[in-house]
Amino acid sequence: MSTYLVTGAAGFIGANYVHFLRREDPDARIVAVDHLGFASNLPNLDSVADGVTFVRADIADLETMMGVYEEHKPDFVVNFAAESHNDRAISEPTIFMHSNGVGAQVMLECSRKIPVRSHVHVSTIEVYGELPGTAGSFDESSPLNAKTPYSAAKAAGDQMVRAYMHTYPEMDIRMTHCANNYGPYQLPEKLIPLAITNILRGRKAPLYGDGLQMRDWLHVEDHCRAIHAVLHARLSKIEHDAVFDSAKLPIFDISARHEVTNVELIRRVIELLEKDPEEWIEHVPDRPNHDRRYLIDPSKIERDLSWRPLVEFETGLAETVKWYVENQAWWEDIFARKGELQVSW
Ligand SMILES: NC(=O)c1ccc[n+]([C@@H]2O[C@H](COP(=O)([O-])OP(=O)(O)OC[C@H]3O[C@@H](n4cnc5c(N)ncnc54)[C@H](O)[C@@H]3O)[C@@H](O)[C@H]2O)c1
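From a predicted model like this one, the values you see are computed outputs, not experimental measurements. (Residues numbered from 1 in each chain as written. Predicted model: local features only at pLDDT ≥ 70, side-chain atom pairs only at ≥ 80, totals over all residues. Heavy atoms only, no water.)

A closer look at the overall build of the protein
For the protein, the count of helices and strands is 12 helices and 12 strands. In terms of principal-axis extent, the alpha carbons of the protein reach across some 60 × 45 × 35 Å. The buried share among the 345 residues of the protein stands at 56%. Considering only contacts within the protein whose residues lie at least 6 apart along the sequence, 81% involve residues at least 24 apart. For the protein, the computed accessible surface area is about 14400 Å², with 50% contributed by carbon and sulfur atoms. For the protein, the separation between the mean place of its 35 positive charges and that of its 52 negative charges on side chains is 2 Å. (Helix = DSSP H or I, 4+ residues; strand = E, 2+ residues; numbered from the N terminus. Buried < 20%, exposed > 50% of the residue type's maximum accessible area, 1.4 Å probe, protein only. Contact = heavy atoms within 4.5 Å. Areas by Shrake-Rupley, 256 points an atom, 1.4 Å probe, with all protein chains shown as cover. Lys, Arg positive; Asp, Glu negative; His and termini not counted. Charge placed at Lys NZ, Arg CZ, Asp CG, Glu CD.)

What follows is the structure, given as structure tokens:
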């Protein structure tokens, strides 16, 4: 029986991955770690709680995390834990560096001291920065060019992952960069669930600036399948020439190549809620330093691991809207405990 250590498990994607694991490998032991920070929501794990050991811990605390590794002896580690909201990173960048930079290194160090079968570090498309114009895309060989406090802190974690890959080739570390995720259990501070829950509460959906920012969207279930494929892939040893070409490292970029502007997306969400987009959008000041466009090329994971997105965007978005409509108690409880989540600039 394998033991999985999943960090950031009380957040959006981490919780979805724990649900996925319970279905995919029902006999596995799952140790779910989270420090229960602002973006966490422990009830995300309620329906799988009987098959999961939850540990409240800060991934940036080496002594505590070594204790978790010693006690549970994980075979597989997936590190989702990070501060993830670009808006909050502008007002509180220090905690982002703590979790996304130091935390990433501490997790790697634990897997070095107490070896695991494989360790996936979950990163983001945003470490590559912004694309000019409307053409082109990033891939695993693109330079890191983060420009926001969130993405720069994630890029710090990425650099540590790359350093460990080169320095300790006997460790089995892998890394992913994913496009924007949508789906159930996302905190309603983020674009899609904020729009849905605002409309359901009789308020307009906020739209930053001109709304022409382009985003690359993937359903969280497809992201979970991709991570699981990366975690279990049989990969060859890292060769020295990977120093000159990061595409030769065990790094996989994940996307459904589905680009849409924020305004198109929010209009579609409002239509799915059977309202008129002309009446239900509120134009609000843009976030400072807001990326205009990024897109990621998933050719490597498609070619090497035969991964493909299975959730078609229109269907996935409709199911997501339906999930928030049907799970009102889930998000009402969040607003009752955390207060309003919309950030104003
Ligand atoms: N949401 C997306 O669209 C997206 C896309 C690509 C990559 N990612 C990456 O996926 C990961 C998960 O993102 P998410 O959207 O689920 O974020 P989230 O904010 O919903 O969840 C992150 C979780 O990590 C926990 N956490 C933060 N710092 C921690 C620490 N020091 N110790 C322990 N737990 C800590 C939080 O409490 C929270 O529960 C992040 O690494 C993020 O960078 C997200």
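Alright, that's what it looks like, and here's the rest.
Notes on the packing of helix 4 (residues 93-113) against helix 5 (residues 149-167)
Two quantities define a packed helix pair, namely the angle between the axes and the distance from one axis to the other. Look at helix 4 against helix 5: their axes get within 8 Å of each other, and the N-to-C directions meet at 15°. When the interaxial angle is binned, helix 4 and helix 5 end up roughly parallel. Helix 4 and helix 5 meet at a crossing whose hand is right-handed. Residues Pro-93, Phe-96, Met-97, Asn-100, Gly-101, Ala-104, Gln-105, Leu-108, Glu-109 and Arg-112 of helix 4 form the contact with helix 5, whose own contacting residues are Pro-149, Tyr-150, Ala-153, Lys-154, Ala-156, Gly-157, Met-160, Val-161 and Tyr-164. Here the contact of helix 4 with helix 5 is built from residues that sort into 12 nonpolar, four polar and three charged. (Axes fitted to C-alpha atoms, helices over the stretch in contact; angles between N-to-C directions. Parallel < 35°, antiparallel > 145°, perpendicular 65-115°, else oblique. Left-handed = near helix turned anticlockwise from the far one by under 90°. Nonpolar A, V, L, I, M, F, W, Y, C, P; charged D, E, K, R; others polar.)

Examining helix 6 (residues 191-200)
In an α-helix, one turn spans 3.6 residues; hence positions three or four apart end up facing the same way. Where burial is concerned, most of helix 6 is hidden: eight out of the 10 residues are buried. Of all the positions in helix 6, only Ile-192, Pro-193, Leu-194, Ala-195, Ile-196, Thr-197, Asn-198 and Ile-199 are classed as buried.

What to know about the nonpolar core
Counting 35 residues, the largest nonpolar core has Tyr-4, Val-6, Tyr-17, Val-18, Val-78, Phe-80 and Ile-301 as its most contacted members. Secondary structure elements with two or more residues in this core: strand 1 (3-7), helix 1 (12-24), strand 2 (29-34), strand 4 (76-79), strand 5 (118-124), helix 7 (220-232), strand 10 (251-254) and helix 10 (299-305). Discounting residues that sit within four places of it in the chain, Ile-301 has contacts with Ala-226, Val-230, Phe-252, Asp-253, Ile-254, Ser-306 and Trp-307. Core analysis: the next-biggest nonpolar cluster, separate from the first, contains 29 residues, Val-260, Trp-280, Phe-313 and Trp-323 among them. (Core = buried A, V, L, I, M, F, W, Y, C linked by side-chain atoms within 4.5 Å.)

A few points about the packing of helix 2 (residues 62-72) against helix 4
Packing of helix 2 against helix 4 leaves a shortest axis separation of 10 Å and a crossing angle of 45°. Classified by the angle their axes make, helix 2 and helix 4 are oblique. Helix 2 and helix 4 meet at a crossing whose hand is right-handed. Counting all contacts with helix 2, which are made through Leu-62, Met-65, Met-66 and Tyr-69, the residues of helix 4 involved are Val-106, Met-107, Glu-109, Cys-110, Ser-111 and Lys-113.

Quick look at the packing of aromatic side chains
The tally for this structure, following the rule as stated, stands at 14 aromatic pairs. Seen from their ring centres, Tyr-324 and Trp-330 are 6.0 Å apart, and the 70° between their planes marks the pair as edge-to-face. Each member of the pair, Tyr-324 as well as Trp-330, is classed as buried. One aromatic cluster in this structure is built from Tyr-185, Trp-323, Tyr-324 and Trp-330. Directly above the aromatic system of Phe-252 lies the positively charged group of Lys-300, at a separation of 4.8 Å from the ring centroid. (Phe/Tyr/Trp six-rings, centres within 6.5 Å; stacked < 30°, edge-to-face > 60°. Lys NZ or Arg CZ within 6 Å of the ring centre and 35° of its normal.)

A few points about unusual backbone geometry
Look at Arg-257: it is not a glycine, yet its phi comes out positive at around 55°. Within the secondary structure, Arg-257 is located in the loop between strand 10 and strand 11 (259-261). In this structure, Glu-274 takes a positive phi of about 60° despite not being glycine. Take Glu-274: it is sitting in the loop between helix 8 (262-272) and helix 9 (277-280). Overall, Glu-274 belongs to the exposed group, its relative accessible area being 73%.

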